[in-house]
Amino acid sequence: MKTEIKSTCCYCGVGCGVLIATEDGRITGVRGDPGHPANFGRLCTKGASLDQTVDAASRLLYPERRSRRSHPGQRLDWDAALDEAADRFAGIIRAHGPDAVAFYISGQLLTEDYYVFNKLAKGLIGTNNIDTNSRLCMSSAVSGYKQTLGADAPPCSYADIAAASVLMIAGANPAVAHPIVFRAIEDARANNPDLKIIVVDPRRTESAAIADLHLALRPGSDVALYNGLLNILINEGMLDDDYIAAHTTGFAELRDIVRHYPPAVVADLCGIAVADLLQAARWFGSQGPALSLYCQGLNQSSHGTHNNAALIHLHLATGQIGKPGAGPFSLTGQPNAMGGREVGGMATLASAHRDLDDPADRAEIAQLWGVPFVPARPGKSAVDLFRSLKTGEIKAVWIACTNPAQSMPNQAEVRAALAAADYVVLQEAYGDTDTAACADLLLPASAWGEKHGTVTNSERRISRLLPALPPPGEARHDWAIATDFARRLAARLGNAAGDRLFPYADPEAIFNEHRETTRGRDLDITGLSYALLETRGPQQWPFPEGADQGKVRLYEDGRFPTPDGRARFVAVRHAAPAEPPSEDFPVSLLSGRMRDQWHGMSRTGTVPRLYNLEDEPLLAMHPCDLRHRGLAPGDLARVFNRRGEMVVRVAAGDGLAKGRAWMPMHWGSQFMNTPGVNALVGDATDPDSKQPELKHAAVEIVRAGLPCPVAVLRRCADRNEALALLHRARGLLGDFPYAALGLYGRGAPLVVFRAATEAPLDAAGIARLDALFGLDGGAGAIVYADPSRGIAKKAIARDGGLYGVRLVGETLAQTWLKRAMAEDELDAGLLRYALAPSAKPPVSVAPRNIVCKCADVSDVQIGNELEGGAGLPQLQERLKCGTFCGSCVPDIKRMIAEHTHRHAEAA
Ligand SMILES: Nc1nc2c(c(=O)[nH]1)N[C@H]1C(S)=C(S)[C@@H](COP(=O)(O)OP(=O)(O)OC[C@H]3O[C@@H](n4cnc5c(=O)[nH]c(N)nc54)[C@H](O)[C@@H]3O)O[C@H]1N2
Ligand SMILES: Nc1nc2c(c(=O)[nH]1)N[C@H]1C(S)=C(S)[C@@H](COP(=O)(O)OP(=O)(O)OC[C@H]3O[C@@H](n4cnc5c(=O)[nH]c(N)nc54)[C@H](O)[C@@H]3O)O[C@H]1N2
Ligand code: SF4
Ligand SMILES: [Mo]
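Let me sum up the structure you'll find in this document. Quantities reported herein were computed from a predicted structural model and do not represent experimental measurements. (Residues numbered from 1 in each chain as written. Chains lettered and ligands numbered in written order. Predicted model: local features only at pLDDT ≥ 70, side-chain atom pairs only at ≥ 80, totals over all residues. Heavy atoms only, no water.)

Thoughts on the pattern of salt bridges
- On inspection of all chains with the given rule, the structure shows 53 salt bridges.
- Note that Asp256 and Arg259 form a salt bridge whose closest N and O atoms lie 2.5 Å from each other.
- Among the residues examined, Arg259 registers a relative accessible area of 53% and is labelled exposed.
- Salt bridges linked by common partners bring Asp79, Asp83, Asp87, Arg476, Asp484, Arg488 and Arg492 together as one network. (Salt bridge = Lys/Arg side-chain N within 4 Å of Asp/Glu carboxyl O. Buried < 20%, exposed > 50% of the residue type's maximum accessible area, 1.4 Å probe, protein only.)

Below you can see the structure in the form of structure tokens.
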């Protein structure tokens, strides 16, 4: 039977609605939900390939005791697993008190999951040691909003993008990280020729391509920039004095500070031109509604709170808030970063935007929960939590839905902390993350397409998602695991009320309890219910009882949720990053996202085509910086500082100024032979938000001196064969001073392995590679060896196509080979070309152009479909080309017209 189930995309905070097609209990497709107000039917590449992520061989299927000391794991049933966990936690709590245990959870959990964990830690155990990966993500945005506007509430909506006259995109790269928001920006650009777009980013990013003005500021200098802009707004009379007088406090103090930020000084601090600064201020102050969109470039800083506040000041000083097209709009990273903040699921927050420091607020929560008290002492935030795990102050940690052994800064310390801990529980959907290697107990969780509950996106919109499938194997829902554990723990702690405190039979019961905690608060959702979300679709908060819709925009009346109802200017001053470039470590290392991968790649990393933009981690630098170090694009470099080092391939980054380097955050120890970029990034934190400075590290970069390259390409019959091979090949990563592993694919999926060594690989090493990749047979194989030059190549044909290639000592042909193999272009007759020392394909392999960059579709693939009689709808259906940003549709139409024309002539 065919049906379509309403859900949301589980990736970014845009929160796009998806319709999951199922047939006979299988997911057969996914499309954007035309009725969802976040995306109106659009999806980006990640969302559109969600259906290809189900059934991954790497899913965790049953609980496993996987002591770090005894591999492989031992399968347990749920009773045994949760009894063991409850025994260990209860033992530690009895012996050392409630603060000796901790929870480290995630903005990718549903609100209901989050709610149960928060109540479990704060209500049942009595510890505030519950923090989340939102600490690495939105924490500075939370404190920035609270310090200025009084509450943690993004005041804007996606609809404001179309209404804005000026868009300031600051420390955000939505073309990559929030693609459907970027589609809205492109639409705004197309519909309003007068729109001015300013991008504030040390790199010329994919998003900067649409900008009228790009301010390539020095990393970490945002406060100086926004203070400088305010200085110009003041001097050129572009303030809204009435708004400042009626609705704010603290402006006089800030004005005194900002006096010291004249254009010449700021241009110098930020490394930008005075003229650009003046232009930005004049656009911001005089064009009409101004909207700022910002994200990790501001948040992940040792002064992230002030970065946020300084930007918000510009809106308050010009009255650009609380009206259409205006306001400071913090884009949320994870799909439910907002929901986590709403339930107060962090070490320094309390339920429903209450204040953990306020005894009355705490008493209110205790009463709502039916517990004697909620602890006053703030819990440990992420960085401190792991530090305390290392010192033994915290003895056990329960990690859910996050991968700290990759995503936390200062990996050496984090991994040492996990090794030192008495007991580590990991509640995961996939079994092959870096943190899984550090866990004592693995608990299998349900994942996208299986879960039921609610999430809140960047614009405060709550969507309900429904399951399309039951969880695989013995996997259970996150809320159910937490609930079951809580009851068992309560019994062991002598608390007879466990079943009463955690009575939930389904997520709706949890939602209803959470809803009650919001009554009368700024985020009041007492007017919402599962039924209403079902019949009327996703809704924005606040949505109090009696309301018939949520609020599109906050603070329209100029009243703010502060004691005096006024917004506040904060005294903010320029500060350098905690670790500015120095003589020893002169390069400023930035890290962040690529369009087609999600964080540690546990899910996106199972889809071959999502590697087609890059299937190897690349560090980009200015061409002069490369030359200066004797490096050419494609060479291997050693990147290091006092914390760690790694070898990585370099690329020329034309969007980077000298002295800056850029690397994606996605590759960890499952895909390369080091923990990735966080081996180098430090753990200095913002004093207010406790968010670590993930965006800035000082490093040095030198030639790696690994002259002997290795590349293996192996074609697989299907994705699960590829994943199984990928999994086995991980065993090789540690054998090389450089090694990286990934997939690739248009038609057939490939496994791609690259490595490099100091001396030529010996016969045993080659035999090991061949055995692992199934290239050890002689049938259908040709070989080429030149031992004097350390060259050993082999190619194997099977079923009329190229099955695998191993190149040692010289790997020039790998790039075109990879393409040709993935598109099944290279038949056995062309086998010998596979071993040619040439970076160019033979003439008989058609050169191809990628027509659709989003879906990664080439002219050859389109040509083949056209031969088969396809038109535009069939092409869009089968290849997905032209279904994302749409910019290639004219090219596709031209190809169709040419094809039709040729056929007409032939006939
Ligand atoms: N494809 C994809 N999309 C994602 C994610 C993903 O993993 N993959 N993750 C999601 C999550 S959780 C998050 S938090 C968001 C992050 O979304 P973004 O914050 O938009 O993305 P990032 O790449 O982390 O960083 C944004 C930009 O900050 C810039 N930057 C670095 N230092 C500074 C600085 O000092 N000042 C300024 N002004 N800018 C600076 C970087 O050059 C970078 O271009 O993305 C979400 N969307
Ligand atoms: N250097 C550097 N480091 C960074 C950043 C950066 O820009 N630079 N960005 C930071 C930011 S903003 C963020 S948000 C973090 C993200 O860092 P992480 O949270 O560590 O990233 P993910 O890989 O998304 O981890 C989520 C895990 O949950 C699992 N999972 C998926 N669905 C479910 C589910 O329903 N239930 C359960 N139990 N598990 C599930 C996935 O398999 C995955 O392993 O990284 C941070 N680290
Ligand atoms: S924009 Fe974000 S939420 Fe929307 S489809 Fe892409 S990853 Fe998913
Ligand atoms: Mo994030």
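Details of the sheet that holds strand E7 (residues 130–132)
- Taken in spatial order, the 7 strands line up as E5-E4-E16-E15-E14-E6-E7 in an open sheet, and their pairing is mixed. For this open sheet the edge positions go to strand E5 (74–75) and E7, each flanked by a neighbour on one side alone.
- The sheet contact formed by strand E4 (residues 64–65) and E5 spans 2 bridges and is antiparallel. Bridge pairing in E5 places Glu64 opposite Arg75.
- Set on the sheet, helix H2 (residues 78–96) makes contact with E4, strand E6 (101–105), strand E14 (396–400), strand E15 (423–428) and strand E16 (441–444); between it and E16 the angle comes to about 130°. (Pairing = 2+ DSSP bridges. Helix = DSSP H or I, 4+ residues; strand = E, 2+ residues; numbered from the N terminus. Contact = heavy atoms within 4.5 Å. Axes fitted to C-alpha atoms, helices over the stretch in contact; angles between N-to-C directions.)

As for helix H14 (residues 304–318)
- The first and last C-alpha atoms of H14 sit 22 Å apart over 15 residues, in line with the 21 Å expected at 1.5 Å per residue.
- When you tally the buried positions in H14, you get 14 out of 15 residues, the bulk of the element. (Expected span 1.5 Å × (residues − 1).)

What about the packing of aromatic side chains?
- What the rule picks out here adds up to 17 aromatic pairs.
- Taking the centre distance of 5.5 Å and the plane angle of 85° together, the rings of Phe89 and Phe485 count as edge-to-face. Here Phe485 lies in helix H20 (residues 478–492) and Phe89 lies in helix H2, a separation of 396 residues in the sequence.
- Classification of Phe89 as buried rests on a relative accessible area of 0%.
- Its relative accessible area of 0% is what places Phe485 among the buried residues.
- Counting every residue linked through ring pairs, the aromatic cluster contains Phe89, Phe103, Phe117, Trp398, Tyr423 and Phe485.
- One Lys or Arg, Arg59, reaches over the ring of Tyr430 and ends 5.6 Å from the middle of that ring. (Phe/Tyr/Trp six-rings, centres within 6.5 Å; stacked < 30°, edge-to-face > 60°. Lys NZ or Arg CZ within 6 Å of the ring centre and 35° of its normal.)

What about helix H8 (residues 222–235)?
- Taking 1.5 Å of rise per residue, the 14 residues of H8 would be expected to cover 20 Å, and the 20 Å separating its terminal C-alpha atoms lies within 8% of that figure.
- Of all 14 residues that make up H8, 13 are buried, and the element is covered over most of its length.

Overview of empty space enclosed by the protein
- Per the counting criterion, the structure on display carries 5 cavities of 30 Å³ or more.
- Volume-wise, the largest cavity comes out at about 780 Å³.
- Lining the largest cavity are 48 residues, with Gln108, Gln334, Cys401, Trp598 and His599 positioned closest to its centre.
- Listing elements by their share of the lining of the largest cavity, those giving two or more residues are strand E1 (2–8), helix H18 (404–407), E15 and strand E21 (587–592).
- Each residue belonging to the lining of the largest cavity can be placed in one class, and the counts come to 21 nonpolar, 21 polar and 6 charged.
- In this structure, the second largest cavity occupies an estimated 470 Å³ of space.
- What lines the second largest cavity is a set of 35 residues, and nearest its centre among them are Gly171, Asn173, Gln296, Arg593 and Lys695.
- Secondary structure elements with two or more residues in the lining of the second largest cavity: helix H6 (174–177), helix H13 (296–299) and E21.
- The class makeup of the residues in the lining of the second largest cavity is 15 nonpolar, 13 polar and 7 charged.
- Three or more residues apiece are contributed to the lining of the second largest cavity by two domains, here domain 3 (139–330) and domain 4 (587–703). (1 Å grid on protein atoms, 1.4 Å probe; cavity = no way out; pocket = protein on both sides within 12 Å on 5 of 7 lines; lining within 4 Å. Points joined across faces, edges and corners; volume = space filled by probe spheres on them. Nonpolar A, V, L, I, M, F, W, Y, C, P; charged D, E, K, R; others polar. Domains from an automatic or database assignment.)

Focus: the environment of Ala209
- Here Ala209 lies in the loop between strand E9 (196–200) and strand E10 (213–215).
- Separated by 10 residues in sequence, Ala209 and Val199 place their C-alpha atoms 9.2 Å apart.

Topic: the site of ligand 2
- Near ligand 2 you find 33 residues, and of these Asn133, Ser407, Glu428, Asp478 and Ser602 are the closest.
- Taking Glu428, its side chain carries an N or O atom lying 2.4 Å from an oxygen atom of ligand 2.
- A distance of 3.0 Å separates an oxygen atom of ligand 2 from a polar backbone atom of Ser446.
- Burial of ligand 2 by the protein amounts to 97% of the accessible area it has alone, namely 920 Å².
- Judged by the fraction of its atoms near the pocket grid, ligand 2 is located in the largest cavity.
- Lining the shell around ligand 2 are residues from two domains, each supplying at least three of them: domain 2 (64–138 + 336–540) and domain 4 (587–703). (Near = heavy atom within 4 Å. Polar contact = N/O pair within 3.5 Å; in protein donor to acceptor, adjacent residues only side chain to side chain. Areas by Shrake-Rupley, 256 points an atom, 1.4 Å probe, with all protein chains shown as cover. Sits in = over half its atoms within 2 Å of the grid points.)

Some details on the pairing of strand E25 (residues 660–664)
- Burial analysis of E25 places 5 of its 5 residues in the buried class, the great majority of the element.
- Residues Arg660, Trp662 and Pro664 of E25 are buried on one face, and the alternating residues Ala661 and Met663, pointing to the opposite face, are buried as well.
- Two elements, E21 and E25, share 5 bridges in a ladder whose sense is parallel. For Ser588, the partnering residue across the bridge sits in E25 and is Arg660.
- Here strand E22 (residues 618–621) runs beside E25; their pairing, made up of 2 bridges, is antiparallel. Across the sheet, the residue bridging to Met621 is Ala661, located in E25.

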